[in-house]
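Residue-level structure breakdown
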Amino acid sequence: MQSLRRRKPPNPTSSPNPSQNPPPDGEDKKQNNQNQNRRSSAHWSCIDTCCWLIGVICTLWWMLLFMYHAMPSSIPQYVTEAITGPWPDPPGEKLRAEGLKARHPVVFVPGIVTGGLELWEGKQCAVGLFRKRLWGGTFGEVYKRPSCWVEHMSLDNETGMDPPGIRVRPVSGLVAADYFAPGYFVWAVLIANLANIGYEEKNVYMAAYDWRLSFQNTEVRDQSLSRIKSNIELMVATNGGNKAVVVPHSMGVPYFLHFMKWVEAPAPMGGGGGLDWCARHIKAVMNIGGPFLGVPKAIPGLFSAEAKDVAVARKDMKHMNILIIWEFMRFCQTSTYWAITPGFLDTEVFRLQTLQHVMRMTRTWDSTMSMLPRGGEAIWGGLDWAPEEGYDCSKKKQKNNDTTFANNEGTDFCLAAQGKTVHFGRMISFGNEVANASASEINRIDFRGAVKGSGVGNGTCGDVWTEYHDMGVLGVKAVAEYKAYTSGEILDLLRFVAPKMMARGDAHFSYGIADDLDDPKYDHYKYWSNPLETKLPNAPEMEIFSLYGVGIPTERAYVYRLSPSVDCTIPFQIDISADGEDEDSCLQDGVLLVNGDETVPTLSSGFMCAKGWRGTTRFNPSGIKTYIREYDHAPPANLLEGRGTQSGSHVDIMGNFALIEDVMRIAAGASGEDLGGDRVYSDIFKWSEKINLKL
């Protein structure tokens, strides 16, 4: 029956059977295409999903961006205030309402890594980058051509100057350091507030310089110190003779100390301005986050190209295959540490040798050696003592950074330690047992006479060779067997592991304490940035401020271990397995923490103004008045507040309203006494008294 029904003649009203009446070729192809499209649309691949998702995100982003720029500026502020409460008035508006106006010209001195650098001459791989930023901005070239970028950002390892065929120069003007990267301000907030009381580019100057060079070499190559001198002289002359207010930040603080000695010194080593130049041209120096005595964070940066966050990230490498190397440079600006995504160099870019490339590049930057701790054991402590002994690292209770003045004998944010011994004076300890042992229990073998060059060569390491490959197994072993290093011994350690780098550093910087400041040897420029080996200018009417954040755990000392592998790797690592007994311990992930601004410990920022320069001392013979203004860290309550207006963090403090107000009042003519004198939350005065320094 089935076969009979199949043979029935077709119904004339129905559509013809394709088997009996085949359609023309064109219609057949059209029908096949339609069937194919139906089948393909039925299968949604992973790529289609990803593309669709990216398209939706981009569309929503551009729509929101358009709406944000199209809406009145008051709406975002209204929404934020509805959630967080009313915003405080920006200092510029507040002081303008009080009638304050621009008076003294203002000079900004940026720190390490915050100033933009652009290419003026390069190799073939850098074609098309003339006068494009290699440092700052979007950092696009780091992703596009990382090897080329590292080559052009490096200096000559012998001279510390330009390599042959490469010229990278600092960006000039306020744009050099107003923003470090898009949306990440450095000086921009302070500049905008100063503009509210009448400041403009004719009375505001950004003293940009190539922060990679040693301080004296910025003058030798670019005449940067001469430019600062001439611009200050011009602004003072064209502003009715009103002296300048200088605002250095971070490494800009020792850089300007160097300048004040350079400008007085006779040519050709100095600027020839005479011993009264500072008295005639400078009203006040307002140092922000100043590492007057260096930063411990510089030690692991130069020793193993890492810091706390890098070491912690290393344990997640197996899972994410990305290394956070940005934190090496955070020892100077933290949080410049920073503004770019922290994993800006995937390990695949340089195979598995990212840190070696970073070390090779940054060890050519002589300026990094200006950040090493100064004063040795007399300042930073020894194997069995430190000024901060008794410090308790319990969690801080959150407090608002209001404008009330703290007692000069302020207590730290924690209670006194009860029975816990923390050896902050041991800058590097090999092993947690060494970090906690008493000094008499540590059996050290001197590394200084150890034989190098046995067992490990640099033949297989290619262009990522570092000075560690000259040490050999015996040299590496000798470093570990010394077990514990104090601040003074750190210098000998670096001379042993990186002799080329330290040979340049010793020619440009010094880290000791002067016995006799009248000794002619201290007329050399290598001493000018060390406040313990030089005198302040003869300018009794000048004022010096130390403005810095407190209340943030800050790196002070490190527990190390040998790397599992030696061949073509950095042989030393922070031991992230070394932790204290509880969460309130000062030892976390192999790092001992103290009070500070996340980069610079309070001791380094505050000691000189608390004791070394306080009153008339041999370091301050003319009795320049000094003031300490601390800003207790209060993080933003939510994401809508951005980086906050009460931050004490090393770079975010540049947006701290209380600090900006202090700077503006001084620029408008106030004195340190008008601000209320010292404002202290930490134990800086107590710690300073523990330091036995001849004054």
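These notes cover the structure that comes with them. Just so it is clear, the model here is predicted, and its values are computed rather than measured.

Observations regarding the packing of aromatic side chains
For the structure on display, the rule yields 29 aromatic pairs. Aromatic side chains Phe303 and Tyr560 sit 5.1 Å apart centroid to centroid with 70 degrees between the ring planes, which places their arrangement in the edge-to-face category. Neither Phe303 nor Tyr560 differs from the other in exposure class; each is buried. Chaining the aromatic ring pairs together yields one cluster made of Phe303, Phe430, Phe447, Tyr482, Tyr485, Phe496, Tyr560 and Phe572. One Lys or Arg, Arg643, reaches over the ring of Tyr184 and ends 3.8 Å from the middle of that ring. Geometry around Phe185 places Arg643 over its ring, the cationic atom sitting 3.8 Å from the centre.

Here we look at the state of the cysteines
Here a disulfide denotes one covalent bond, and it connects the sulfur atoms of two cysteines. Summed over the entire model, instances satisfying the criterion amount to 1 disulfide. The residue that forms a disulfide with Cys125 is Cys148, at a sulfur-sulfur distance of 2.1 Å. Taking the sign of the S-S torsion, about 80 degrees here, the bridge from Cys125 to Cys148 comes out right-handed. Here Cys148 lies in helix α7 (residues 146-153) and Cys125 lies in the loop between β2 (117-121) and β3 (133-135), a separation of 23 residues in the sequence. Its relative accessible area of 8% is what places Cys148 among the buried residues.

What about helix α22 (residues 499-508)?
For α22, the set of buried residues is Met501, Met502, Arg504, Gly505 and His508. Buried residues of α22, seen end-on, are gathered within an arc of 155 degrees and therefore sit on one face of the element. The inward-facing, buried residues of α22 abut α9 (215-222), α13 (298-304) and α21 (487-497).

Let's talk about the pattern of salt bridges
Tallied over the entire structure, the rule returns 30 salt bridges. The shortest N-O distance in the salt bridge between Glu121 and Arg167 comes to 2.8 Å. Here Arg167 lies in strand β4 (residues 167-170) and Glu121 lies in strand β2, a separation of 46 residues in the sequence. On the basis of relative accessible area, Glu121 is assigned to the partly exposed category, the value being 34%. Two residues, Asp506 and Arg495, come together in a salt bridge whose shortest N-O distance is 2.8 Å. In this pair, Asp506 sits in helix α22 while Arg495 sits in helix α21, placing the two residues 11 residues apart along the sequence.

Structural notes on the sheet that holds β4
With respect to topology, 3 strands assemble into an open sheet ordered β3-β2-β4, the strand pairing being antiparallel. Two strands lie at the open edges of the sheet, namely β3 and β4, each paired on one side alone. Averaged over neighbouring strand pairs, the angle between their axes works out to 45 degrees when direction is ignored. Where β2 lies against β4, 4 bridges are found, and the strand directions are antiparallel. Counterpart to Leu117 in the pairing with β4 is Pro170.

Conventions and cut-offs
- Residues numbered from 1 in each chain as written.
- Predicted model: local features only at pLDDT ≥ 70, side-chain atom pairs only at ≥ 80, totals over all residues.
- Heavy atoms only, no water.
- Phe/Tyr/Trp six-rings, centres within 6.5 Å; stacked < 30°, edge-to-face > 60°.
- Buried < 20%, exposed > 50% of the residue type's maximum accessible area, 1.4 Å probe, protein only.
- Lys NZ or Arg CZ within 6 Å of the ring centre and 35° of its normal.
- Disulfide = S-S within 2.5 Å.
- Helix = DSSP H or I, 4+ residues; strand = E, 2+ residues; numbered from the N terminus.
- Arc of directions from axis to C-beta.
- Contact = heavy atoms within 4.5 Å.
- Salt bridge = Lys/Arg side-chain N within 4 Å of Asp/Glu carboxyl O.
- Pairing = 2+ DSSP bridges.
- Axes fitted to C-alpha atoms, helices over the stretch in contact; angles between N-to-C directions.

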